[in-house]
Amino acid sequence: MSNARKLADNLPTEGQLGARSFIINGGMEISQRGISSTSSGYVSLDRWYVNQSGASTTFSQETNSNPSETGGLQKYARLNVSSSSDYCHIRQPIEDVTTVPAGTVTLSFYAKGTAPAGGLYTYGNQHFGSGGSSDVDWTPVLITSTLTSDWVRYTAQITVPSLDGKTVGAGSYFLLDIGQHSNNASTAFDLNITGVMLEEGSQASPFEHEPTSVTLAKAQRYFYKMTNNKTSWLYAVTTSHGSGLRRRSIHLPVTMRTTPTATISITHTGGTSGVDGGVWIGPDSVGVYVNSINAETDYAYTSALTADAEL
Amino acid sequence: MNITKAKYHKSELPNSTNIKATIDGEEMFVPIDAEGNRHWQAVQEWVAEGNTIEEAD
């Protein structure tokens, strides 16, 4: 029997048949920021935030040479913790707290390695955004006390509190954490994880594969990185030698969640450079500039840019 | 987030002011009043703690 036939036979036949998972980059394929980091925050795999909470970690994208062990997925995330702490975990905030409905949702993933002190937990909260209701923690769930050297698919049911009567402001999200919970032991652990799904209902369905381009586009709503694009020239808007101005709007490939924070590297001879603010930046484009350039002899191009609209 | 510096910044265009900030050791341009932007939110909290955004040059 072909793999395609097996996959088809295992697909759900009722309920939501497509776009079942609330998680982005659950297959750990996209890593615009780089494939390994020892820092805290959004540092490697897209949409996944490392909360060190005082721990020493290396978070990296790895390749499984036997993808049949993980439902065909070649990539996985590794959170290698040499010295841990309570609440050391990876997490993903899911945009708009109302996206994950009240009731039962099911988390599933492949994992191997060693579990944190106290076991591998999932926990999190409902964050109602700016001006919204106070955060509501949902009940933590012990997923497993131990991990092994073999890939195993784990599932956990999460009870999502009611949204009735809540005020939802800008920047709201449903937060999903996976890692060490309140146990404050510093014991090392090694979480290898992929195929993460969070779906409505009490049953886990097979991992929902999608083209890499689709996952990348979803991730770029929150973060975009342009590197070594030396075709992004800045063009003259005045030829005055004293205050020669160069401008360019970098059009983002996906409309971002909000107006992003930007970092920039502009190569130029002469003048000063930066990112425009105010009306010259938005969820669709970032304005960049060089001022006081000699329009006849100087040149300028954008060599790197990031735009960050993460939650 | 660890904010170590924040300064208003504008190019020569009108209505172009943002905040040039050093956050977690990285220099970045933070849009002002960007609803839901986590860096703008962090700058506001940093100011509420008694810190000051420097005036633009």
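Just so we're clear, the structure is a prediction, and the values are computed from it rather than from any experiment.

(A) Expanded view of helix α2 (residues 212-220) of chain A. Residue and element names in this part refer to chain A. Buried within α2 are the following residues: Thr215, Ala219 and Gln220. Along the axis of α2, the buried positions cluster into a sector of 135°, meaning they face one direction only. The elements touched by buried residues of α2 are β12 (223-227).

(B) Expanded view of the domain arrangement of chain A. All names here are of chain A. The domain architecture assigned to chain A consists of domain 1 (36-220) and domain 2 (225-308). Its C-alpha centre places domain 1 at a distance of 36 Å from the equivalent point of domain 2. Taken together, the 4 residues of domain 1 in the interface contact 4 residues of domain 2. In this assembly, domain 1 packs against domain 2 so that about 380 Å² is buried in total across both faces, 59% of it on carbon and sulfur atoms. A per-residue breakdown of the area domain 1 buries against domain 2 is headed by Glu95, Ala217 and Gln220, which together make up 84% of the total. Taken together, the links from domain 1 to domain 2 amount to 0 salt bridges. The interface formed by domain 1 and domain 2 contains 0 residue pairs in polar contact (both at pLDDT 80 or more). Classifying every residue of the side of domain 1 that touches domain 2 by side-chain character gives 1 nonpolar, 2 polar and 1 charged.

(C) Highlighting the nonpolar core. Counting 38 residues, the largest nonpolar core has Phe109 and Ile178 of chain A as the members making the most contacts within it. Elements supplying a minimum of two residues to this core: β4 (75-83), β5 (89-95), β6 (103-114), β8 (136-144), β9 (152-160), β10 (173-179) and β11 (189-200) of chain A. The element that contributes the greatest number of residues to this core is β11 of chain A, accounting for 5 residues. Excluding residues within four positions of it along the chain, Ile178 of chain A makes contact with His89, Ile90, Leu107, Phe109, Leu120, Tyr121, Thr122, Leu191, Ile193 and Val196 of chain A. Grouped together as the second largest cluster of nonpolar side chains are 19 residues, Val286, Ala300 and Leu305 of chain A together with Phe29 of chain B included.

(D) View of the interface of chain A and chain B. Contact residues are listed per partner, giving 27 residues for chain A and 22 residues for chain B. Between chain A and chain B, roughly 1800 Å² of surface is buried when both sides are summed, and carbon and sulfur atoms account for 53% of that area. On the chain A side of the contact with chain B, Thr261, Thr263 and Trp280 of chain A bury the most area, a combined 24% of that side's loss. In this assembly, chain A and chain B are joined by 1 salt bridge. The salt bridge partner of Arg38 of chain B is Asp308 of chain A, with a shortest N-O separation of 2.7 Å. The tally of links from chain A across to chain B stands at 14 residue pairs in polar contact (both at pLDDT 80 or more). Secondary structure elements with two or more residues in the side of chain A that touches chain B: β14 (244-251), β15 (261-268), β16 (272-275) and β17 (285-293) of chain A. When the residues that make up the side of chain A that touches chain B are grouped by side-chain class, the tally is 11 nonpolar, 11 polar and 5 charged.

(E) Summary view of the environment of Trp280 of chain A. Along the chain, Trp280 of chain A falls in the loop between β16 and β17. Trp280 of chain A gets classed as partly exposed once you look at its relative accessible area, which sits at 34%. Expressed as a C-alpha distance, the spacing of Trp280 of chain A and Leu252 of chain A, which sit 28 residues apart in the sequence, is 13 Å. Apart from the residues within four sequence positions on either side, Trp280 of chain A is in contact with Val286 and Gly287 of chain A together with Leu13, Pro14, Asn15 and Ser16 of chain B.

(F) Inspection of the sheet that holds strand β3 (residues 56-63) of chain A at higher detail. All names here are of chain A. Spatially, β1-β3-β4-β11-β6-β9 is the arrangement adopted by the 6 strands of the open sheet, whose pairing is antiparallel. Taken across any chain shown, the strands that pair with only one partner, and hence form the sheet edges, are β1 (36-37) and β9. Where β4 lies against β11, 5 bridges are found, and the strand directions are antiparallel. Its bridge partner being in β11, Asn80 is matched across the sheet by Asp190.

(G) Fine view of the environment of Leu176 of chain A. Residues and elements named next belong to chain A. In this structure, Leu176 sits in strand β10. Note: C-alpha distance between Leu176 and Leu107 (69 residues apart in sequence) is 9.5 Å. Dropping the residues within four chain positions of it, Leu176 is found in contact with Ile23, Ile90, Arg91, Gln92, Leu107, Thr122, Tyr123, Trp138 and Ile158.

(H) Representation of the layout of surface pockets. In this structure, the largest pocket encloses a volume near 1300 Å³. Surrounding the largest pocket, 47 residues form its lining, Tyr42 and Tyr49 of chain A together with Met1, Arg38 and His39 of chain B being those nearest its centre. Residue assignment for the lining of the largest pocket shows that the elements contributing at least two residues are β5, β7 (120-127), β10, β12, β15 and β18 (300-308) of chain A together with β3 (26-30) and α1 (38-48) of chain B. Considering each element in turn, the lining of the largest pocket owes the most residues, 8 residues, to α1 of chain B. Looking at the lining of the largest pocket residue by residue, the class counts come to 18 nonpolar, 16 polar and 13 charged. Each of two domains, domain 1 (36-220) and domain 2 (225-308) of chain A, supplies a minimum of three residues to the lining of the largest pocket.

What counts as what
Residues numbered from 1 in each chain as written. Chains lettered and ligands numbered in written order. Predicted model: local features only at pLDDT ≥ 70, side-chain atom pairs only at ≥ 80, totals over all residues. Heavy atoms only, no water. Buried < 20%, exposed > 50% of the residue type's maximum accessible area, 1.4 Å probe, protein only. Helix = DSSP H or I, 4+ residues; strand = E, 2+ residues; numbered from the N terminus. Arc of directions from axis to C-beta. Contact = heavy atoms within 4.5 Å. Domains from an automatic or database assignment. Buried area = accessible area lost by both parts, 1.4 Å probe. Salt bridge = Lys/Arg side-chain N within 4 Å of Asp/Glu carboxyl O. Polar contact = N/O pair within 3.5 Å; in protein donor to acceptor, adjacent residues only side chain to side chain. Nonpolar A, V, L, I, M, F, W, Y, C, P; charged D, E, K, R; others polar. Core = buried A, V, L, I, M, F, W, Y, C linked by side-chain atoms within 4.5 Å. Pairing = 2+ DSSP bridges. 1 Å grid on protein atoms, 1.4 Å probe; cavity = no way out; pocket = protein on both sides within 12 Å on 5 of 7 lines; lining within 4 Å. Points joined across faces, edges and corners; volume = space filled by probe spheres on them.

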